Protein chains: 2
Amino acid sequence: MSATSSESEGLVALPVPGVTVSAVEAGIRYADRLDLVALKFDQGTTAAAVFTRNAFCAAPVIVAREHLAACDSMPRLLLINTGNANAGTGAPGIAAARRSCEEAATLLGLSAHEVLPFSTGVIGEDLPLAPLVSALPTLFSALSPEHWLRAAHGIMTTDTRPKAGSRRFAANGRDYVLTGIAKGAGMLRPDMATMLAFLTTDAPIAPSVLDHLLRRAVEMSFHRITVDGDTSTNDAVLLAATGAGDGEVCEDPESELGRALGEALEALCLELAQGLVRDGEGASKFVEVDVRGGADERECLDVAFTIAHSPLVKTALFAGDPNWGRLLAAIGRAGLRDLDVNGVRILINDALIAEKGSRATSYDESEVAAFMQQSDLRVIVELGRGQADARVWTSDFSYDYVKINAEYRS
Amino acid sequence: MSATSSESEGLVALPVPGVTVSAVEAGIRYADRLDLVALKFDQGTTAAAVFTRNAFCAAPVIVAREHLAACDSMPRLLLINTGNANAGTGAPGIAAARRSCEEAATLLGLSAHEVLPFSTGVIGEDLPLAPLVSALPTLFSALSPEHWLRAAHGIMTTDTRPKAGSRRFAANGRDYVLTGIAKGAGMLRPDMATMLAFLTTDAPIAPSVLDHLLRRAVEMSFHRITVDGDTSTNDAVLLAATGAGDGEVCEDPESELGRALGEALEALCLELAQGLVRDGEGASKFVEVDVRGGADERECLDVAFTIAHSPLVKTALFAGDPNWGRLLAAIGRAGLRDLDVNGVRILINDALIAEKGSRATSYDESEVAAFMQQSDLRVIVELGRGQADARVWTSDFSYDYVKINAEYRS
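All of these numbers come straight from a predicted model, not from anything done at the bench.

1. Topic: the overall build of chain A
Along its length, chain A carries 11 helices and 18 strands. By the compact-globule yardstick of 22 Å for 410 residues, chain A fits well, its C-alpha radius of gyration being 22 Å. Per-residue burial over chain A gives 63% buried out of 410 residues. A sequence separation of at least 24 residues applies to 81% of the contacts in chain A between residues at least 6 apart. For chain A, the computed accessible surface area is about 14,100 Å², with 46% contributed by carbon and sulfur atoms. Of the side chains in chain A, 36 bear a positive and 54 a negative charge, and the two mean positions are spaced by 3 Å.

2. So, the pairing of strand 8 (residues 163-171) of chain B
Examined bridge by bridge, strand 8 of chain B and strand 9 (residues 174-183) of chain B share 9 bridges and lie antiparallel to one another. Bridge pairing links G165(B) to G180(B) in strand 9 of chain B.

3. Here we look at the pairing of strand 10 (residues 196-201) of chain B
All names here are of chain B. Within strand 10, 6 of the 6 residues are buried, which leaves the element mostly enclosed by the surrounding structure. Covered by surrounding structure in strand 10 are L196, F198 and T200 together with A197, L199 and T201, the residues of both alternating faces. Pairing of strand 9 with strand 10, which is carried by 6 bridges, proceeds in the antiparallel orientation. Its bridge partner being in strand 10, L178 is matched across the sheet by T201. In the sheet, strand 10 pairs with strand 12 (residues 236-241) via 6 bridges, with the strands oriented parallel. Bridge pairing links L196 to A236 in strand 12.

4. Description of the domain arrangement of chain A
We note that the domain assignment places domain 1 (7-278) and domain 2 (286-407) within chain A. Taking the mean C-alpha position of each, domain 1 of chain A and domain 2 of chain A sit 33 Å from one another.

5. Thoughts on the packing of aromatic side chains
Scanning the model with the defined rule gives 4 aromatic pairs over all chains in all. Lying over the aromatic face of F286(A), R278(A) brings its terminal NZ or CZ to 3.8 Å of the ring centre.

6. Topic: the pattern of salt bridges
All names here are of chain A. Under the counting rule described, the total for this entry stands at 46 salt bridges over all chains. The partner of E271 in a salt bridge is R167, with the nearest N and O atoms 2.9 Å apart. Placement of E271 in helix 6 (residues 256-278) and of R167 in strand 8 (residues 163-171) is noted, with a sequence separation of 104 residues between them. For the salt bridge of R345 with E355, the shortest nitrogen-to-oxygen distance reads 3.6 Å.

7. Describing helix 2 (residues 90-108) of chain A
An α-helical turn contains 3.6 residues, so a residue and the one three or four places further along point in the same direction. Residues and elements named next belong to chain A. Taking 1.5 Å of rise per residue, 19 residues should cover 27 Å, and helix 2 covers 28 Å from first to last C-alpha, within 8% of that figure. By the burial criterion, the buried members of helix 2 are G93, A96, A97, S100, C101, A104 and A105. Next to the buried residues of helix 2 lie helix 1 (59-70), strand 6 (77-84), strand 7 (115-122) and helix 3 (129-141). Just past helix 2, the residue G109 takes up positive phi, approximately 70 degrees.

8. Description of the sheet that holds strand 13 (residues 286-294) of chain A
All names here are of chain A. Reading across from one edge, 11-18-13-17-14-15-16 is the order of the 7 strands in this open sheet, with mixed pairing throughout. Strands with a single pairing partner mark the edges of an open sheet, and in this sheet they are strand 11 (225-226) and strand 16 (358-359). Looking at chain direction, strand 11 and strand 18 (residues 388-395) are connected through 2 bridges and run parallel. Along strand 18, the bridge assignment pairs T226 with T394. Taken strand by strand, helix 6 contacts strand 11, strand 13, strand 17 (376-382) and strand 18, and its axis lies near 40 degrees from that of strand 18.

9. Overview of helix 8 (residues 311-319) of chain B
Residue and element names in this part refer to chain B. The buried count for helix 8 comes to 7 of 9 residues, which makes it a mostly enclosed element. Listing the buried residues of helix 8 in full gives P311, L312, V313, K314, T315, A316 and L317. Taken from the residues just after helix 8, G320 is the one with a positive phi, measuring 65 degrees.

10. Here we look at the confidence of the model for chain A
Averaged over every residue, the pLDDT of chain A is 89; the share at 70 or more is 92%. In this model, residues 186-192 of chain A is a region of pLDDT below 50 whose contacts with residues beyond four sequence positions or in other chains number 43 contacts.

11. Details of the UniProt feature "active site" (unreviewed entry) in chain A
Residue and element names in this part refer to chain A. Following the UniProt record, one finds the feature "active site" (unreviewed entry) at T194. By the element assignment, T194 lies in the loop between strand 9 (174-183) and strand 10 (196-201). According to the relative accessible area criterion, T194 is buried, its value standing at 1%.

12. Notes on the environment of L328(A)
Turning to its location among the elements, L328(A) is positioned in helix 9 (residues 324-332). For the pair formed by L328(A) and L68(A), sequence separation is 260 residues and the distance between their alpha carbons is 45 Å. Leave out the neighbours within four places in its chain, and L328(A) touches I346(A), G357(A), N54(B), F56(B) and T233(B).

13. Describing the sheet that holds strand 12 of chain B
Residue and element names in this part refer to chain B. Ordered by their spatial adjacency, 5 strands build an open sheet running 5-12-10-9-8, and the pairing between neighbours is mixed. Each of the sheet's edge strands pairs with one partner strand only, and the pair in question is strand 5 (46-51) and strand 8. Each neighbouring strand pair of the sheet contributes to a mean axis angle of 15 degrees, computed without reference to strand direction. Helix 6 (residues 256-278) rests against strand 8, strand 9, strand 10 and strand 12 of the sheet, and its axis sits at about 165 degrees to strand 8.

14. Details of unusual backbone geometry
Phi is positive for D32(A), close to 55 degrees, though the residue is something other than glycine. For D32(A), a relative accessible area of 67% corresponds to the exposed category.

15. Concerning the packing of helix 5 (residues 207-219) of chain B against helix 6 of chain B
Relative orientation and spacing of two packed helices are given, respectively, by the angle between their axes and the distance between those axes. Residues and elements named next belong to chain B. Two elements in contact, helix 5 and helix 6, have axes separated by 9 Å at closest approach and are oriented at 35 degrees. Crossing geometry of helix 5 relative to helix 6 is assigned as right-handed. Residues L210, L213, L214, R216 and A217 of helix 5 pack against G258, L261, G262, L265, E266 and C269 of helix 6. The class makeup of the residues in the contact of helix 5 with helix 6 is 7 nonpolar, 2 polar and 2 charged.

16. A closer look at the environment of D321(A)
All names here are of chain A. Relative to the helices and strands, D321 resides in the loop between helix 8 (311-319) and helix 9. When its relative accessible area of 7% is taken as the criterion, D321 is described as buried. Through-space distance from the C-alpha of D321 to that of R345 is 18 Å; in sequence the pair is 24 residues apart.

17. Considerations on the state of the cysteines
One pass over the structure, following the stated rule, counts 0 disulfides over all chains. For the unlinked cysteine C269(B), the closest cysteine sulfur is that of C250(B), found at 16 Å.

18. As for the packing of helix 7 (residues 297-309) of chain B against helix 9 (residues 324-332) of chain B
Residue and element names in this part refer to chain B. Packing of helix 7 against helix 9 brings their axes to within 8 Å, and their N-to-C directions diverge by 135 degrees. Taken together, helix 7 and helix 9 sit at an angle that is classed as oblique. With respect to the hand of their crossing, helix 7 and helix 9 are arranged in right-handed fashion. The residues of helix 9 that touch helix 7, namely those facing V303, T306 and I307, are L327, A330 and I331. Grouping the amino acids of the contact of helix 7 with helix 9 by side-chain chemistry returns 5 nonpolar, 1 polar and no charged.

19. Section: the environment of L317(A)
All names here are of chain A. The topology assignment puts L317 in helix 8. Residue classification places L317 among the buried positions, given a relative accessible area of 7%. Separated by 243 residues in sequence, L317 and M74 place their C-alpha atoms 45 Å apart. Discounting chain neighbours no more than four positions away, the residues touching L317 are K285, V287, M372, L377 and D396.

Basis of the calculations
Residues numbered from 1 in each chain as written. Chains lettered and ligands numbered in written order. Predicted model: local features only at pLDDT ≥ 70, side-chain atom pairs only at ≥ 80, totals over all residues. Heavy atoms only, no water. Helix = DSSP H or I, 4+ residues; strand = E, 2+ residues; numbered from the N terminus. Rg over C-alpha atoms; globule rule 2.2 N^0.38 Å. Buried < 20%, exposed > 50% of the residue type's maximum accessible area, 1.4 Å probe, protein only. Contact = heavy atoms within 4.5 Å. Areas by Shrake-Rupley, 256 points an atom, 1.4 Å probe, with all protein chains shown as cover. Lys, Arg positive; Asp, Glu negative; His and termini not counted. Charge placed at Lys NZ, Arg CZ, Asp CG, Glu CD. Pairing = 2+ DSSP bridges. Domains from an automatic or database assignment. Phe/Tyr/Trp six-rings, centres within 6.5 Å; stacked < 30°, edge-to-face > 60°. Lys NZ or Arg CZ within 6 Å of the ring centre and 35° of its normal. Salt bridge = Lys/Arg side-chain N within 4 Å of Asp/Glu carboxyl O. Expected span 1.5 Å × (residues − 1). Axes fitted to C-alpha atoms, helices over the stretch in contact; angles between N-to-C directions. pLDDT = per-residue confidence, 0-100. UniProt positions renumbered as here; feature names shortened; annotations may be inferred. Left-handed = near helix turned anticlockwise from the far one by under 90°. Nonpolar A, V, L, I, M, F, W, Y, C, P; charged D, E, K, R; others polar. Disulfide = S-S within 2.5 Å. Parallel < 35°, antiparallel > 145°, perpendicular 65-115°, else oblique.

This is the structure in structure tokens:
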């Protein structure tokens, strides 16, 4: 748990000029566990964020959204606690989230609305402010450009490994860096988790461009992964640009810098998102569902998510069973208008499994069952009615999934 | 498996004038197992049916729909085989379904389109016609008004117990009877199952009225149960009225007879549908999700099904864990516009669990955890924004659910 270097467990997280990072053991819920993390940004840093779509959003989500608007998208500090989600806590929860920002702001000489709070952990219990507040001086004194992997550990709850990564990119003759950390997929161990991701770059980017690039990247990555279809009350993804890397401020997502950051961001978000699925609770398989030949992207996503959410498909994947009947039934109930079922083809990896409404004549069940023992699989559905496609990533349903979720609070 | 009387295992299935029933062991997939069932109707019997909404519907569904139209909703025979679903079998599957109707029609002196085929069992394998056809003479020679419970056994695949029931009703000074049998909920053990229900009455009812009453009853019963959210390719519910009970033919669902049959039908469909959930695969709990105070019925159903389909809620129910955070998160992601989360209340049985966005002050977790050990539970959600309500019924997710579905084909 003492990952203080910027490289450990095969992960590389490059420092980002204008950002310092820290993580400490505040004892918010458990002792001897990094559970309080700070990301501090130099003045002039711009930011954009995407929050959970759940109507029951947690107190820190409400306050972070409010503060981000109040500071004109120029926050100075992200304050992240793990161990307590401060969700399902009503008005006292909102007051506690505000109070944590005020205490941090006072210590650092900031305004409270320049501090954005994030929480993950148990739902429905009051946030213990005392240990959080008393750990702040230690937290801030340890801020360093090098502590990214320590922070990646610090935001973990029941994740089994940290997720972090970096991308270098260039534009207008200058080199920039993008570094991100993430935790928890879907409602992984839901009372103790949430999907959180924090990404920072030293490129100079206007808030509106950050917002545009972040939404597009999230749509193609974090919004296309699912473990069990549930959505946490605390999910948040934030992208900050310090501008320390110099150059003219990017005001157009289609400019050279906008496009370069956009590409790096999409690649890093996808890497982090897939890392969350691989670390999904009880996951024994990593499965790409690739739907092609749809009339539009929406219907490709409908088919892909119907497959990815089907408990019957997920238990078959767990068993390594090429159960094309379940895939076919899932496609059939995805709600596509006038689907010509005879035009649909289903492949697993490169093997054609089903076509023309029945099993493919070339299909060899023993061959397919053999490669389905691999941990990485791809289910390909060709709808044969257009040019659109979409991919989503998911895991299987195992005994451990039930065990983890049935026994978690007991 | 030799239930030949009309009363066994606490079930009562009354004979219906104008209907004879039979079930035999044809050895379609397994030996020593009732797997071929016939319901024969007197001339003049009218019928209506509701079939799966799955685009990949099975061959017998395609043929039954076609024959029902061709005989002007006046079928004479239902021919039901178990052990092979004749689904995912392409054009040869349709030919096999037609052929089975032709063979039966020849033996009974009927037209092929007066015979409706239904199948349930393994998906993606050719229907073995030979054993089916050679068992037809024995099947038809055993037709009797008394064999309802034998038929209820005969349509079972991996159901653990038969489902059957009757209702008596009166209209215009006459007494009538309604008897039904059903099998398999959702995609219970999906390669070997399907939801099938057959209901008959001796009341004289026009096909259009039957259709109206059946759709309404199915909407309030079979369409409001879920085990895992999957939909079989073979689901079918059929209602037949022989008219043997005499009286004027009912042409209006709002007439005395229409209303009396409608009430009996809704009650029996609900009883059978709930029976399917109780026998759901790996089910250890029977759970009613009752959503009240919605702006309209649609949003109540959205909330109810989001809860009923949530793997996190279902694993918590399995554990007997009053995990209100998961209920709250499911309500929050059901897609309701402008939901005031502070107005939502959640109860389990009669205990208030959560309100005003957090745990209720009166909530006693140990008390609630104690009664959650019971096999029957009710989750009540009060949305506090209107007068609409809706109820659905579901089961929990257990180790056995994963075991049954992961190991089924292995």
